[in-house]
Amino acid sequence: MSRLPQRIVCLTTETVEVLYAIGEQDRIAGITGYTVRPPEARKEKPKVYAFTSGDIDKILAVQPDLVLTFSDLQADIARDLIKAGVPVYAFNQRSIDDTLGMVETIGRLVGAEAKAMQMVAELEGQIADARAIAAARIARSGRRPRVYFEEWDEPNITAVRWVSELIEIAGGENIFADRAASPLARDRILADPLEVVERAPDIIIGSWCGKHFRPERVAARPGWSTVPAVVNGRLHEIKSAIILTPGPVAISEGLPLLLDLFDL
């Protein structure tokens, strides 16, 4: 009889994505209501929690033998589950390497290490291919496009670490790379939006979690009319479900989108 977990609750979408990708979706007993990948998970699996709020009894009702959580944002529910006697594994991936490590760890937790390592190898191959494309472009142009990535507009929040890394892999230069290492969004708030003007990005990318990016509003911000990205109409959106999810989708779909945007 297997001692590996048979009934797993995933409280973030990226762990659902990985379990489906390695063929272990039958182990999933419950998901978060914010799960978006893969789409069939929303039809097949019971939604037992939101992200930072919900009823622990709904989780306990599906009798999990393992719950996968994410970061301090879910510390309270992790604590309550542990008190209820449920095993919890809390991930805290903040970089590309962390994300690949998360895939490997899930593979080990469910006894599918070979499939997980194959998935990691494929993602690493996509990263290597993107770096090669970017390097060829930089060799031709002699420069990297300067990029301002905005996670939120009120207040202005700059890119988190894994997004900053993807920008670099795709051949761009994150103008606020100095802030990207901070895991807390509050530490990536721009006290003065005119900092963007001073750093003169060639491209602006918006990924406002939970609402549509409005490039016309960005272009109309006081003092921003001289920003090269505004002058040249290089304001673009990448959906937060793709680029702001610290899972494989950020690499498999987010990275190609960045490559397309940076093809000046």
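As a reminder, the structure under discussion sits directly above these lines.
The rules behind each value
- Residues numbered from 1 in each chain as written.
- Predicted model: local features only at pLDDT ≥ 70, side-chain atom pairs only at ≥ 80, totals over all residues.
- Heavy atoms only, no water.
- Buried < 20%, exposed > 50% of the residue type's maximum accessible area, 1.4 Å probe, protein only.
- Helix = DSSP H or I, 4+ residues; strand = E, 2+ residues; numbered from the N terminus.
- Pairing = 2+ DSSP bridges.
- Axes fitted to C-alpha atoms, helices over the stretch in contact; angles between N-to-C directions.
- Contact = heavy atoms within 4.5 Å.
- Right-handed = clockwise from strand over helix to strand, strands pointing away.
- Phe/Tyr/Trp six-rings, centres within 6.5 Å; stacked < 30°, edge-to-face > 60°.
- Lys NZ or Arg CZ within 6 Å of the ring centre and 35° of its normal.

K.L.:
Is there a simple way to think about the pairing of strand β9 (residues 203-206) in this case?
P.N.:
Side chains on a regular strand alternate between the two faces of the sheet. In β9, alternate side chains face the same way, and those of Ile 203 and Ile 205 on one face and Ile 204 and Gly 206 on the other are all buried. Where strand β6 (residues 146-153) lies against β9, four bridges are found, and the strand directions are parallel. Bridge pairing in β9 links Phe 149 to Ile 205.

K.L.:
Teacher, can you tell me more about the sheet that holds strand β3 (residues 47-49) here?
P.N.:
Strand pairing in a sheet takes place through backbone hydrogen bonds and is either antiparallel or parallel in direction. Across the sheet, which stays open at both edges, the five strands sit in the order β3-β2-β1-β4-β5 with parallel pairing between neighbours. The open sheet has two free edges, formed respectively by β3 and β5 (88-91), since each of these has just one partner strand. If you compare each strand with its neighbour and ignore which way they point, the axes differ by 30° on average. Here strand β1 (residues 8-10) pairs with strand β2 (residues 28-32) via three bridges, running parallel. When the sheet's bridge partners are listed, Val 9 is paired in β2 with Gly 30. In the packing of helix α1 (residues 13-21) onto the sheet, the strands contacted are β1, β2, β4 (66-70) and β5, and the crossing angle to β2 comes to about 145°.

K.L.:
In this structure, what is going on with the pairing of β4? I would like to understand it.
P.N.:
Burial within β4 is extensive, with five of its five residues counted as buried. With burial as the criterion, each face of β4 is covered, one bearing Leu 66, Leu 68 and Phe 70 and the other bearing Val 67 and Thr 69. Where β4 lies against β5, four bridges are found, and the strand directions are parallel. Following the sheet pairing, Val 67 is matched in β5 by Val 88. Each parallel crossover has a hand, and for β4 linked through helix α4 (residues 75-83) to β5 it is right-handed.

K.L.:
It is not clear to me how the packing of aromatic side chains should be interpreted in this structure. Could you clarify?
P.N.:
Centre-to-centre distance and the angle between the planes together describe a pair of aromatic rings. Following the criterion strictly, the structure yields four aromatic pairs and no others. For the ring pair Tyr 148 and Trp 224, a centre distance of 6.0 Å and an interplane angle of 70° mean the geometry is edge-to-face. Separated by 76 residues along the polypeptide, Tyr 148 in strand β6 and Trp 224 in the loop between α9 (215-219) and α10 (228-231) bring together distant segments of the chain. The pair Tyr 148 / Trp 224 is uniform in exposure class, with both members buried. Relative to Phe 213, the ring of Trp 208 has its centre 5.1 Å away and its plane inclined at 80°; by these criteria the two rings are edge-to-face. Residue classification places Phe 213 among the buried positions, given a relative accessible area of 6%. One aromatic cluster is present, built from ring pairs that chain together Tyr 148, Phe 176 and Trp 224. It is Lys 211 that lies over the ring of Trp 152; its NZ or CZ is 4.3 Å from the centre.

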